[in-house]
Amino acid sequence: MANTRGLIPWLREWLGGSSPWVDPDFDDPWSEDFAVRPRCPGDCSVPFRNEAELAEIRRHCRGLALENEFAVNGHENRISYVVGTGHRYRVVPRTAGTAGEAKAGAGTGWADAAQEVLDEFLEENRWHRRQQEILRRYDRDGEVFLRFFAEPSGRLQVRFVEPEEVACPTRRRDDPAASFGVQTDPSDVERVLGYWIGGQWADAEAVQHRKANVDSNIKRGLPLFYPVRKNLRRAEKLLRNMSVVAGVQSAVALIRKHSRASKAAVERFAAETADDAPRLPGAVPRLLFAPGTVLDAAAGTEYEFPASAIDAARYVTLLQAELRAIASRLVMPEFMLTSDASNANYASTLVAEGPAVRMFQRLQQEMIEDDLRIMRRVLVVAAQAGRLPEDVLRWVAVEAVPPPLAVRDRLKEAQADAVLFRCGAMSRATLALRHGLDPRRETPPRDEDAESKSRRDADASG
């Protein structure tokens, strides 16, 4: 039996690496590098060992997010469902201090002032658009860096830091705790002390680092589409090849075969019967047919129509298989990646128990936890400038309400919320936010019904 270990390398060498049939992304199952090995110390397994390899991975995934239509659709859909119309934030009084202080509502007076500070921050930083960009960078680069700038007036500005700017400076190359530009405690890799941004030091309190798809002891994140980057390229190539082949076949109206004629006779016949004579040297004469033309073939002449052999359905099945693999990585239904809802039941897909909804809820909760840290920092910066009391977080708390995901009956959902509201499990402000209403809008007093009014009058007369 022939040695199959060197078959694939031999074919690549024989074809010179330039053949369109050789996929550069193909993994050779007989190669020595096929087995996955840990690329960094510890039990983790990440595909990068240094900043250069991470930058190369990020470059490839950025190219997909820029040019691959399926990757672009996946990014946009995740933004649409996770961020949606934007998360809503409100400041509520916190129960703190002694019982007398809590009963007196000591935090109520500061809640309105803190809400004004928070609304000012959301407007100045265009937070809804910034949320969308946060998730796009988070998925595309595998991480996002936010840097805070506190103004003397008590306002907080948020700006993005490019991942490639966070790198270990040359003078720190021998310090493992400064690897990848993230300075950590030498005895605790999860305790971040600061970041090296453009070679300059930045305290950990001035930067928020959100990383994705890696363990907590890994300093940098991994892009979302890294595991399926080859599937995305193959899907794009398959779609391109399908279009090119179909275009070539449909461009040739017919092929006329002369079984007994010589080459010179065929060329002379084509020139004599052409309706559109070639004007340039080497051009092919064309014969035009009106709709409904009937061809009468002489003896020895056959007509073949290549367009009739086009069968795109064979390749569509392969394309769908690749797209299903990509959708599996995203934990999303196929129609969210292909925008083809012909084979999907939208109402049964986006239900509370659906995998996609559970995944989006997870992502929303992760984003809320990170966002609330920023909102609390906004209040602290305002307190340091004297706009709020120094212990403002002792009296107030910030809550976030994401947009709903699951498709439900609006009436039943409102009735369920009303039950929670009457039981005291949900506040009026939270109820308003869940339904897209202004929680600060004053509710007009309700008129007493006839039974309550008569009971009150009876008690008064008695």
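Residues numbered from 1 in each chain as written. Predicted model: local features only at pLDDT ≥ 70, side-chain atom pairs only at ≥ 80, totals over all residues. Heavy atoms only, no water.

**Student:** Explain the packing of helix H6 (residues 127-141) against helix H12 (residues 355-384) to me, please; I cannot follow it from the model alone.
**Tutor:** Each pair of packed helices can be described by the angle between their axes along with the distance between the axes. As a packed pair, H6 and H12 sit with axes 13 Å apart at the nearest point and diverge in direction by 130°. The pairing of H6 with H12 is recorded here as oblique in orientation. By crossing handedness, the relation of H6 to H12 is classed as right-handed. Contact residues: Trp127, Gln131, Ile134, Leu135 and Tyr138 in H6; Glu366, Met367, Asp371, Ile374 and Met375 in H12. In terms of residue class, the contact of H6 with H12 is made up of 7 nonpolar, 1 polar and 2 charged. (Axes fitted to C-alpha atoms, helices over the stretch in contact; angles between N-to-C directions. Helix = DSSP H or I, 4+ residues; strand = E, 2+ residues; numbered from the N terminus. Parallel < 35°, antiparallel > 145°, perpendicular 65-115°, else oblique. Left-handed = near helix turned anticlockwise from the far one by under 90°. Contact = heavy atoms within 4.5 Å. Nonpolar A, V, L, I, M, F, W, Y, C, P; charged D, E, K, R; others polar.)

**Student:** How do you make sense of the confidence of the model for the protein when you look at a structure like this?
**Tutor:** Close inspection of predicted coordinates is inappropriate in any region flagged by low pLDDT. Per-residue pLDDT for the protein averages 78, and the proportion of residues at 70 or more is 62%. Predicted confidence for residues 17-22 stays below pLDDT 50, and this span has 3 contacts to residues more than four positions away or in other chains. (pLDDT = per-residue confidence, 0-100.)

**Student:** What is the right way to look at the sheet that holds strand S5 (residues 188-197) in this model?
**Tutor:** Whenever strands of a sheet pair, they do so through backbone hydrogen bonds, lying parallel or antiparallel. Pairing within the open sheet is antiparallel, and its 3 strands lie in the order S4-S5-S6. What marks the edges here is a single partner per strand, and that holds for strand S4 (182-185) and strand S6 (200-203). Going from strand to strand, the sheet's axes swing by 40° on average, the running direction of each strand aside. (Pairing = 2+ DSSP bridges.)

**Student:** Just to check I follow, could you spell out the side chain of Gln183 for this structure?
**Tutor:** Among the secondary structure elements, Gln183 is positioned in strand S4. Accessibility expressed as a relative area gives 8% for Gln183, which makes it buried. Ignoring any residue separated from it by four or fewer positions in sequence, one finds Gln183 in contact with Arg172, Asp175, Ala177, Ala178, Arg191, Val192, Leu193, Gly194, Trp196 and Trp201. (Buried < 20%, exposed > 50% of the residue type's maximum accessible area, 1.4 Å probe, protein only.)

**Student:** How do you make sense of the packing of helix H3 (residues 69-82) against H6 when you look at a structure like this?
**Tutor:** Between H3 and H6, the least distance of the axes is 10 Å, while the angle of their chain directions is 135°. Between H3 and H6, the angle is such that the two are oblique. The hand of the H3/H6 crossing is right-handed. When H3 is examined against H6, the residues His75, Glu76, Arg78, Ile79 and Val82 are found in contact with a partner set consisting of Gln132, Leu135, Arg136, Asp139 and Arg140.

**Student:** Where do I start with the pattern of salt bridges in this structure?
**Tutor:** As a working rule, side chains carrying opposite charge can pair if their charged atoms are close by. Following the criterion strictly, the structure yields 25 salt bridges and no others. Salt-bridge contacts for Glu120 lead to Arg155; the nearest nitrogen and oxygen are separated by 2.9 Å. Of the two residues, Glu120 sits in helix H5 (residues 108-124) while Arg155 sits in the loop between strand S2 (143-150) and strand S3 (156-161), which places them 35 residues apart along the sequence. Residue classification places Arg155 among the partly exposed positions, given a relative accessible area of 27%. Between Glu322 and Arg234 there is a salt bridge, with the nearest N and O atoms lying 3.0 Å from each other. Here Glu322 is found in helix H9 (residues 313-330), whereas its partner Arg234 is found in helix H7 (residues 229-251), with 88 residues between them in sequence. (Salt bridge = Lys/Arg side-chain N within 4 Å of Asp/Glu carboxyl O.)

**Student:** Would you take a moment to explain the packing of aromatic side chains for this structure?
**Tutor:** By convention here, two paired aromatic rings are described through the distance between centres and the angle between planes. Per the stated rule, a full pass over the model turns up 5 aromatic pairs. Summarising the aromatic geometry, the rings of Tyr81 and Phe360 are spaced 5.0 Å apart at their centres and angled 0° between planes, so their arrangement reads as stacked. Taken together, the residues span a long stretch of sequence, with Tyr81 in helix H3 and Phe360 in helix H12 at a distance of 279 residues. Each member of the pair, Tyr81 as well as Phe360, carries the same accessibility label: buried. Here the guanidinium or amino end of Arg137 rests over the ring plane of Phe160, the centre of that ring lying 4.4 Å away. (Phe/Tyr/Trp six-rings, centres within 6.5 Å; stacked < 30°, edge-to-face > 60°. Lys NZ or Arg CZ within 6 Å of the ring centre and 35° of its normal.)

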